[in-house]
Amino acid sequence: MNANLWNPNKERLLTTLRGEIADRVPYFESLIEDRVVTHILGRDVGSTMPASRGTEDNGCMVPPPMDIRDYLELIEYTGQDSVLYEALWVPMKMPDETGKLHAVTGGVVKQWQDLERVVQPSWEDDLKYRKSYLEEYVAGAKEKNVAVTLFTGAFFQYTYEYLVGFEDFCVMAYEDRPLLERCLDLCVEYYEKVIEIGIEAGIDILWVADDVAYRSGTFVSPEMFEELWLERMQKLVKMGKDAGIPVIFHSCGNLNGIMDTVICKLGIDCLHPIEPYSMDIDAIKSEYQDQFCIAGNIDIAGPLAFGTPDEAYREAEKLITAMKPGGKYIFASSHSITNDIPPENFDAMLRALREVGVY
């Protein structure tokens, strides 16, 4: 394979997101976990996404991302066409009885009085650091012709996972909708600020992510989901589109029941990750290829994690061969490259891209 075809290239990714055919199928993972990174680089530099560690009780400081120099070295090995800067969780805090601030976690908001105690992130303790990191990423990636993607927007997931708690989220949707909607709005307000500084810093791609579904369908009824979620996510997507930046949307789970009523109304350029045990990627490509690209689908609970290198290669080869015609496909796993994926299987997956991903 021509070395230039394996080198990271943001134009390859942006071309595909525009619906055009590039030199080869682009590649982009949201997360490569720490032990996989250590195996590749030979040193421990962490994972590509601090959010994989969850919300950390570290005062008000922003967890630093992977050093851009390490990240660029990593993607030279993997052939990815973008680095990713993550601002997935809202760094809300709540004081204890002594006044010390702690990360909001465990569903601490049960009533309005609880929400009034929550301390919102500010410019001084959060956003100025994110701006600085984003500027570092943009400057470093520019030298290597690599895209910079901002990964953010999980207002539904942050609310049910950290702020309110999943069971109370579902109950609140019926019994105290105003409180739930205020929680969602506070998250959206924060993500709007993050996206604004990302656009100012010069990001190439906006990736909004919000896990909203089980394997069987959305966490709440499709009708309620549309009421609670669609307009709020449209605000975030519109910020990217108005700035001329392509937008990817991620959610795990089965989105079939909301494809026409919600997903197609977002105005996104790409849908990720089309989980193989939740959705039929062939059907999605056939039905929606005129509306957006698709990304992902390599099963991280299948041969990639538990098979032989040959089996991992064959799964990737089959998927690339099926998705490549007509373009509009970005190669990726069905979630992330986790620590339980054997390095030799990851290498086999990458080898399949090199050997069959060229147009």
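Residues numbered from 1 in each chain as written. Predicted model: local features only at pLDDT ≥ 70, side-chain atom pairs only at ≥ 80, totals over all residues. Heavy atoms only, no water.

1. Notes on the UniProt feature "domain: Uroporphyrinogen decarboxylase (URO-D)" (unreviewed entry) in the protein chain
Thought 1: Mapped onto this numbering, the UniProt entry annotates "domain: Uroporphyrinogen decarboxylase (URO-D)" (unreviewed entry) at residues 83-355.
Thought 2: Helix makes up 48% of residues 83-355 and strand 12%. Its end C-alpha atoms lie 23 Å apart. (UniProt positions renumbered as here; feature names shortened; annotations may be inferred. Helix = DSSP H or I, 4+ residues; strand = E, 2+ residues; numbered from the N terminus.)

2. Thoughts on the environment of glycine 327
Thought 1: Checked against the element boundaries, glycine 327 lands in the loop between helix 13 (309-323) and strand 9 (329-330).
Thought 2: Between the C-alpha atom of glycine 327 and that of arginine 35, which follows or precedes it by 292 residues, the distance is 32 Å.
Thought 3: The contact partners of glycine 327, leaving out residues within four places of it in the chain, are Ile21, Lys285 and Tyr359. (Contact = heavy atoms within 4.5 Å.)

3. Here's the deal with the environment of leucine 31
Thought 1: Topologically, leucine 31 is positioned in the loop between helix 2 (10-17) and helix 3 (34-41).
Thought 2: Taking relative accessible area as the criterion, leucine 31 reaches 4% and is therefore assigned buried.
Thought 3: When the C-alpha atoms of leucine 31 and glycine 302 are compared, they prove to be 18 Å apart, with 271 residues separating the residues in sequence. (Buried < 20%, exposed > 50% of the residue type's maximum accessible area, 1.4 Å probe, protein only.)

4. Some details on the packing of helix 7 (residues 155-163) against helix 9 (residues 177-201)
Thought 1: Where helix 7 contacts helix 9, the two axes come as close as 9 Å, and the packing angle between them is 120°. Of the possible angle classes, the one that applies to helix 7 and helix 9 is oblique. Between helix 7 and helix 9 lies a crossing whose hand is right-handed. Across the interface between the two elements, Phe155, Phe156, Tyr158, Thr159 and Leu163 of helix 7 pack against Leu180, Cys183, Leu184, Cys187, Val188 and Tyr191 of helix 9.
Thought 2: Within the contact of helix 7 with helix 9, the residues separate by chemical class into ten nonpolar, one polar and no charged. (Axes fitted to C-alpha atoms, helices over the stretch in contact; angles between N-to-C directions. Parallel < 35°, antiparallel > 145°, perpendicular 65-115°, else oblique. Left-handed = near helix turned anticlockwise from the far one by under 90°. Nonpolar A, V, L, I, M, F, W, Y, C, P; charged D, E, K, R; others polar.)

5. Examining the packing of aromatic side chains
Thought 1: Using the criterion set out here, one finds 22 aromatic pairs in the structure.
Thought 2: Plain terms: the ring middles of tyrosine 158 and tyrosine 162 are 5.6 Å apart, the flat faces sit at 35° to each other, and that makes the pair tilted. You can see tyrosine 158 and its partner tyrosine 162 sitting in helix 7, four residues apart, about one turn around the helix.
Thought 3: Judged by its relative accessible area of 8%, tyrosine 162 is buried.
Thought 4: Centre to centre, the rings of tyrosine 160 and phenylalanine 219 are 5.3 Å apart; their planes meet at 85°, and the pair counts as edge-to-face. Of the two residues, tyrosine 160 sits in helix 7 while phenylalanine 219 sits in the loop between strand 5 (205-209) and helix 10 (222-242), which places them 59 residues apart along the sequence.
Thought 5: With relative accessibility at 17%, the residue phenylalanine 219 sits in the buried group.
Thought 6: Through a chain of ring-to-ring contacts, three or more aromatic side chains come together here, namely Phe155, Phe156, Tyr160, Phe166, Phe169, Tyr214, Phe219, Phe225, Trp229 and Phe249.
Thought 7: Taking the ring centre of tyrosine 277 as reference, the NZ or CZ of arginine 215 above it sits at 4.2 Å. (Phe/Tyr/Trp six-rings, centres within 6.5 Å; stacked < 30°, edge-to-face > 60°. Lys NZ or Arg CZ within 6 Å of the ring centre and 35° of its normal.)

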